[in-house]
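Letter by letter, the chains look like this.
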Amino acid sequence: MTGIVPLDRSATVLVAGSTGLVGSAVVRHLRERGFGTVVGAHSADVDLTDPAATAAFLDAVRPSVVVDAAARVGGIHANNTEPVEFLTDNLRIQTNLFTAAHAVGVDRLLFLGSSCVYPKHSPQPIPESALLTGELEQTNDAYAIAKIAGLIAIRSYRRQYGRKWISAMPTNVYGPGDNFDPVRSHVLPALIRRFHDAAASGADEVVVWGTGTPRREFVHADDLASACLHLLDHYDGAEPVNVGVGADVSIAHLATVVAEAAGYTGRITWDTSKPDGTPRKLLDTARLTALGWKPGIALAYGIRDTLRWYTESVAPS
Ligand code: GDP
């Protein structure tokens, strides 16, 4: 795309959700890449579900760039059992942030969505054009609708007010600093915790949810952070841009990879009373590739890196 000016490294950048998996990686990456004024916002600084507090915070910080990585997130169980909070908190957070960002004249904003915005039975790999062409996966439809509202809001601010705001749709994200809660987390941290703890205690059985047949694509948070900056530097379009790695794995295969990395040699059994969720969501990343970005972190390396972080920072010693 022509006419895009890369971000000024002296700009004040606000990263909303700065203590989360993605937000903390974005803060690190921006600082490493020479941004001098990166301001984080997380729940202890400002309650983004409160419109007045959000407006006052942005008025005080006066960013010219915002990365919106603030969201209520969770794995399949959390999404499936708390749809009201996943819908309403996410609608509030993004609406308050966009309203406040517009009020203080934020020039560049990146909104982070999710691959769950695409229909359950999308063509694979999923192009951005699959948006709004079919029914959503029911286990996370509330979260998906909130994220779809966010990306339509981005398009609307562009169309109505000429804002240079953009949306990125990442595939399943993982990495150090993830949420390892056994029930609420996503699959990769859940498996890292379960296989590590089983290996440490000498257990001979680990139970994994579902049938093992769903396929998922995983992007490391550091790769996603690098893609976010690449998009802010090189993209200014109304269409969302998928962020993925171009390959997926079955949950059954993922379980064997995590088991091996954790040194677990016992049995793996499947709890088919738990939902599988969407059968497959491999993203078509042609648009991002054409912009000159590619991932750098292989899944096997990323799993070991995340396992090491879990062992050092979370696991009971
Ligand atoms: P999803 O991509 O939105 O479905 O989110 P998840 O990361 O929560 O789940 C991905 C897949 O992994 C689903 O098919 C789950 O049933 C499966 N899975 C297997 N074991 C687990 C687990 O312990 N936790 C979670 N969250 N998912 C699991």
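Just so it is clear, the model here is predicted, and its values are computed rather than measured. (Residues numbered from 1 in each chain as written. Predicted model: local features only at pLDDT ≥ 70, side-chain atom pairs only at ≥ 80, totals over all residues. Heavy atoms only, no water.)

1. Considerations on the overall build of the chain
Right, on to step 1. The helix and strand inventory of the chain stands at 10 helices and 12 strands.
Right, on to step 2. Here the chain has a C-alpha radius of gyration of 19 Å; the compact-globule value for 317 residues is 20 Å, and the two agree.
Right, on to step 3. The buried share of the chain, reckoned over its 317 residues, is 51%.
Right, on to step 4. When contacts within the chain are restricted to residue pairs at least 6 apart in sequence, long-range pairs at least 24 apart make up 81% of them. (Helix = DSSP H or I, 4+ residues; strand = E, 2+ residues; numbered from the N terminus. Rg over C-alpha atoms; globule rule 2.2 N^0.38 Å. Buried < 20%, exposed > 50% of the residue type's maximum accessible area, 1.4 Å probe, protein only. Contact = heavy atoms within 4.5 Å.)

2. Here's the deal with the UniProt feature "site: Important for catalytic activity" (unreviewed entry) in the chain
Right, on to step 1. Here, UniProt's "site: Important for catalytic activity" (unreviewed entry) annotation points to Ser 114 and Cys 116.
Right, on to step 2. Note that Ser 114 resides in the loop between strand S4 (108-112) and helix H5 (141-161).
Right, on to step 3. Of the residues examined, Ser 114 reaches a relative accessible area of 11% and is grouped as buried.
Right, on to step 4. With residues near it in sequence (within four places) discarded, Ser 114 still touches Tyr 143, Met 169 and Pro 170.
Right, on to step 5. Polar contacts involving the side chain of Ser 114 include one to the main-chain amide nitrogen of Cys 116, which spans 3.0 Å. (UniProt positions renumbered as here; feature names shortened; annotations may be inferred. Polar contact = N/O pair within 3.5 Å; in protein donor to acceptor, adjacent residues only side chain to side chain.)

3. As for the environment of Asp 236
Right, on to step 1. Examined against the element boundaries, Asp 236 turns out to sit in the loop between helix H7 (221-234) and strand S10 (241-243).
Right, on to step 2. Residues Asp 236 and Ile 145, spaced 91 residues apart in sequence, show a C-alpha to C-alpha distance of 23 Å.
Right, on to step 3. Among the polar contacts listed, one links the side chain of Asp 236 to the side chain of Arg 158, at a separation of 2.8 Å.

4. A word on unusual backbone geometry
Right, on to step 1. A cis amide bond links Gln 124 to the next residue, Pro 125, at an omega of -5°.
Right, on to step 2. Tracing the backbone through its elements, the reader meets Pro 125 in the loop between S4 and H5.
Right, on to step 3. Its identity is not glycine, yet Arg 62 carries a phi of approximately 50°, on the positive side.
Right, on to step 4. Position of Arg 62 among the secondary structure elements: in the loop between helix H2 (51-61) and strand S3 (65-68).
Right, on to step 5. A positive phi angle, near 60°, is found at Leu 132, a position not held by glycine.

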